[in-house]
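Understanding the architecture of this molecule
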Amino acid sequence: MYSRIESIGSFLPENIITNQDLEKRVDTSDEWIRTRTGIKQRSIANENQATSDLALEASREAIKKAGINPKEIDLIIVGTCTPDVATPNVGVMIQKELGLKNCPAFSIEAACSGFIYALNIANKFILSGESKCALVVGAETLSRITDWNDRNTCVLFADGGGAAILKPSETPGILYSDIGADGAYSDLLYVPYGTSRRPPSEKDNNHFLHMKGNEVFKVAVKKLESIAVNAIKRNNLSVEKIDWFVPHQANIRIIQAVARRLKMPMEKVIVTLDQHGNTSAASIPLALDVGITDGRIKKGDTILLQSFGAGFTWGTALLRL
Ligand code: ACO
């Protein structure tokens, strides 16, 4: 028995901020952003859109594509580090809007690895028989914790939502999934203050993301290479047998460095960060949706998903669609 992704849905806010827009705000240039990160533009939520709104749109699309009645959903897990409020959690908000009752609904904080963490957990619920239809979401409004006057970070982060419907299947779906973390790196990418540590009376710089980008970069490349190699080895696969590599969309140079180390041709890598920026937990389902919708990813393809985020946290999944 396997669990299998039946469908993927995604949603991006309509409001687009280009590199040229950022040039007007901070001391940066389109050329610097493109060459150092690969990003050209990003979607940013308007002030009335919170994370649950993006998550809900993506979920509705996934439900529609799977052709299921929402009432079939018996588990909701949302990966996000930018929940609407401290409580209730984003999963419960989606549950309410979908008109569902009596199913577990929760969110998990694993930053950019949120979707893979959620997928890993939902996979276990399905394999144990406790869930027959799970809604797995990654959604963020990183714009709310981004300092728009800090050129080190504001050029990177973005908003969006992605969702998957997971069901039991007799044919292979999720072949393998592994998640991990190392809190020793927690001071390389973090928000100093927040809900319980100095809650904001007036939002200051300490309520925004802080990052030692260069150090994050180096650890990310090494860790991403090692978890990919591990996933491929443990499943007796080779890079040639992977049809598509869908990495977390943080920086094109991180993606290229990992692909180079794996000897994975860039033609097999789904890259969306030029259009999406870094949407943290939403980036993988958003990229999967793009690859499936434009016809590159086909039924039966073997796909390697991979994430790395603040904490640090990381995760991989190998799946067949
Ligand atoms: N525009 C122009 N110049 C800039 C900008 C900017 N937006 N940002 C930084 N610079 C300057 C710096 O001030 C520095 O100037 P200096 O040499 O005079 O001091 C110079 O550019 C080089 O800075 P570096 O930090 O060394 O630049 P680097 O090539 O490492 O690129 C970046 C920075 C893009 C942040 C990169 O390190 C990176 O992507 N790191 C990974 C971090 C990441 O992806 N975080 C996302 C979340 S975690 C995750 O999802 C993996």
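Residues numbered from 1 in each chain as written. Predicted model: local features only at pLDDT ≥ 70, side-chain atom pairs only at ≥ 80, totals over all residues. Heavy atoms only, no water.

Some thoughts on the site of the ligand
Around the ligand, the structure places 23 residues, and the nearest of them are Thr28, Arg36, Asn214, His248 and Asn251. Here a nitrogen atom of the ligand and a backbone polar atom of arginine 151 are 2.9 Å apart. Within the contact set of the ligand, an oxygen atom lies 2.8 Å away from a side-chain nitrogen or oxygen of asparagine 214. Expressed as a share of its isolated accessible area of 1000 Å², the protein-covered part of the ligand is 75%. When atom positions are compared with the pocket grids, the ligand is found to occupy the second largest pocket. Elements represented by at least two residues in the shell around the ligand include exactly helix 2 (30-37), helix 6 (151-154), helix 7 (213-234) and helix 8 (252-262). When residues in the shell around the ligand are grouped by element, the largest group, 4 residues, is from helix 7. (Near = heavy atom within 4 Å. Polar contact = N/O pair within 3.5 Å; in protein donor to acceptor, adjacent residues only side chain to side chain. Areas by Shrake-Rupley, 256 points an atom, 1.4 Å probe, with all protein chains shown as cover. 1 Å grid on protein atoms, 1.4 Å probe; cavity = no way out; pocket = protein on both sides within 12 Å on 5 of 7 lines; lining within 4 Å. Sits in = over half its atoms within 2 Å of the grid points. Helix = DSSP H or I, 4+ residues; strand = E, 2+ residues; numbered from the N terminus.)

Points about the sheet that holds strand 8 (residues 174-181)
One open sheet holds the 4 strands; their spatial order is 8-13-12-11, and the pairing between them is mixed. If you trace the sheet from one side to the other, it starts and ends with strand 8 and strand 11 (244-247), each paired once. The average undirected angle you get between the axes of adjacent strands in this sheet is 10°. Bridge count for strand 12 (residues 302-309) against strand 13 (residues 313-320) is 8 bridges, and the pairing is antiparallel. Paired with serine 307 across the strands is glycine 315, a residue of strand 13. Contacts between helix 5 (residues 114-128) and the sheet are confined to strand 8, strand 12 and strand 13, with strand 8 contributing the most and set at about 125° to the helix. (Pairing = 2+ DSSP bridges. Axes fitted to C-alpha atoms, helices over the stretch in contact; angles between N-to-C directions. Contact = heavy atoms within 4.5 Å.)

Structural notes on the layout of surface pockets
Volume-wise, the largest pocket comes out at about 1100 Å³. If you trace the largest pocket, you find 36 residues lining it, with Cys81, Thr82, Pro83, Ile145 and Thr195 closest to the centre. For the lining of the largest pocket, the secondary-structure elements that each account for two or more residues are strand 5 (105-108) and strand 9 (189-190). Class assignment for the residues of the lining of the largest pocket results in 19 nonpolar, 13 polar and 4 charged. (Points joined across faces, edges and corners; volume = space filled by probe spheres on them. Nonpolar A, V, L, I, M, F, W, Y, C, P; charged D, E, K, R; others polar.)

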